[in-house]
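# Fold and contact review
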Amino acid sequence: MKKIALLLATCTALAMTGCASNPLSDLVSEETKAPVSTEPAASSSESAAPAPENSPTAEETEISLGKKATIGDWKICAKSAAVKNKIKNDNYRYYEPSKGNTFIVISLSVRNTGKKMEEFLPRVGYKDKMVSATLFYEDEYEYSPTELLSYDKDITTEKIQPLTTKKGILVFDVPKKVGKAKKKLKLKFSTQSGSVIYSLK
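Residues numbered from 1 in each chain as written. Predicted model: local features only at pLDDT ≥ 70, side-chain atom pairs only at ≥ 80, totals over all residues. Heavy atoms only, no water.

## Looking at the overall build of the protein
- Helices and strands together make up the secondary structure of the protein, namely 4 helices and 13 strands.
- Within the protein, the fraction of its 201 residues that count as buried is 31%.
- Residue pairs in contact within the protein that sit at least 24 positions apart in sequence constitute 68% of those at least 6 positions apart.
- Summing over all exposed atoms, the protein offers an accessible surface of approximately 14,500 Å²; the carbon and sulfur share of this is 54%. (Helix = DSSP H or I, 4+ residues; strand = E, 2+ residues; numbered from the N terminus. Buried < 20%, exposed > 50% of the residue type's maximum accessible area, 1.4 Å probe, protein only. Contact = heavy atoms within 4.5 Å. Areas by Shrake-Rupley, 256 points an atom, 1.4 Å probe, with all protein chains shown as cover.)

Below, the structure is given as structure tokens:
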């Protein structure tokens, strides 16, 4: 009887020891715990994604012929627009448009307000300073200026000293249909920061 009682006491002690410490249960609980970070928690302002900055939009101004406008380092005044089938260079030489086309000739003056000599409507230049000119037909079709080589009145690529004004013409070689619809044409001078649009009505 004493042996049975001793055996029961031993079994009970072993069972209680097994319940008190279970290495397998410790291992599982450690693996399923969320990892603990030693870095301080970021505040709500730090964790929030920064709002995207609005990029500045280029300003656009529309004016009529004869009005002055400032764009970049230039003061521009497009004075008049005419349709021509021929531009005389002297008594013997002249320029003609492409076959089936006509010229839109813009008379204008430009003043360099910068601090050094600059080229007006250059072929290449710095994007942030470069001025371009585009003729629009019905706000959809675009035409670039046609450079009349060796013609002293052509203002394209003209080098102009600071605080100096130059008068000349800007020529566009366009289809005759476009030339006949002068009231639907707009002349746009643009820089990276803004643009000026002349209505040719």
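## Focus: the side chain of D173
- As for its placement among the helices and strands, D173 is situated in strand β11 (residues 165-175).
- Although D173 is buried, it makes no salt bridge; K176 carries the closest opposite charge, 10 Å away.
- In this structure, D173 is in contact with P97, S98, N101, T102, F103, Y143 and T146, ignoring residues within four places of it in sequence. (Lys, Arg positive; Asp, Glu negative; His and termini not counted. Salt bridge = Lys/Arg side-chain N within 4 Å of Asp/Glu carboxyl O.)

## Here's the deal with the sheet that holds strand β13 (residues 194-199)
- Within the open sheet, the 5 strands sit side by side as β1-β13-β12-β8-β9. Their pairing is mixed. At either margin of the open sheet sits one strand with a lone partner, and together these are β1 (59-64) and β9 (141-143). The sheet shows a mean angle of 25° between the axes of neighbouring strands, taken without regard to direction.
- By the bridge criterion, 3 bridges tie strand β8 (residues 132-137) to β9 in an arrangement that is antiparallel. Bridging across to β9, Y137 finds its partner in Y141. (Pairing = 2+ DSSP bridges. Axes fitted to C-alpha atoms, helices over the stretch in contact; angles between N-to-C directions.)

## A closer look at the layout of surface pockets
- Estimates place the volume of the largest pocket at around 330 Å³.
- Taken together, 16 residues line the largest pocket, and the ones lying closest to its centre are E118, E119, Y126, K129 and M130.
- Its residues placed into classes, the lining of the largest pocket shows 6 nonpolar, 4 polar and 6 charged. (1 Å grid on protein atoms, 1.4 Å probe; cavity = no way out; pocket = protein on both sides within 12 Å on 5 of 7 lines; lining within 4 Å. Points joined across faces, edges and corners; volume = space filled by probe spheres on them. Nonpolar A, V, L, I, M, F, W, Y, C, P; charged D, E, K, R; others polar.)

## Some details on the packing of aromatic side chains
- Counting across every chain of the model gives 5 aromatic pairs.
- Geometrically, the ring pair formed by W74 and F120 is edge-to-face, given 5.1 Å between the ring centres and 65° between the ring planes. With W74 in strand β3 (residues 74-84) and F120 in strand β7 (residues 118-120), this residue pair connects regions lying 46 residues apart in the sequence. When sorted by exposure, W74 lands in the same class as F120, which is buried.
- Pairwise contacts between aromatic rings join W74, F120, F189 and Y198 into one cluster.
- Here the basic side chain of K86 rests over the ring of Y94, its NZ or CZ set 4.4 Å away from the ring centre. (Phe/Tyr/Trp six-rings, centres within 6.5 Å; stacked < 30°, edge-to-face > 60°. Lys NZ or Arg CZ within 6 Å of the ring centre and 35° of its normal.)

## Quick look at the sheet that holds β11
- Read from one edge of the open sheet, 4 strands run β2-β3-β6-β11, paired in antiparallel fashion. Strand pairing shows two members of the sheet lacking a second neighbour, β2 (68-71) and β11, which therefore form its edges. Geometrically, the sheet is characterised by an average inter-axis angle of 35° between neighbouring strands, direction not taken into account.
- As defined by bridge partners, β3 adjoins strand β6 (residues 101-112) across 10 bridges and the pair is classed as antiparallel. In the sheet register, A81 faces β6, and the bridge partner there is I106.

## What about the pairing of β2?
- Burial along β2 is one-sided: the residues A69 and I71 are buried and none of K68 and T70 is.
- Note that β2 and β3 share 4 bridges and pair antiparallel. In the sheet register, T70 faces β3, and the bridge partner there is K75.
- The loop that links β2 with its antiparallel partner β3 comprises 2 residues; one of these, G72, has a positive phi angle of about 60°.

## Focus on the pattern of salt bridges
- All chains considered together, the criterion is met by 7 salt bridges.
- With a closest N to O distance of 3.4 Å, E60 and K188 form a salt bridge. Of this pair, E60 sits in strand β1 while K188 sits in strand β12 (residues 185-190), and the two are 128 residues apart along the sequence.
- Owing to a relative accessible area of 53%, E60 belongs among the exposed residues under this scheme.
- Among the ionic pairs, E158 bridges to K166, the shortest N-O distance being 3.8 Å.
- When salt bridges with common partners are traced through the structure, they connect E62, D139 and K186 into a single cluster.

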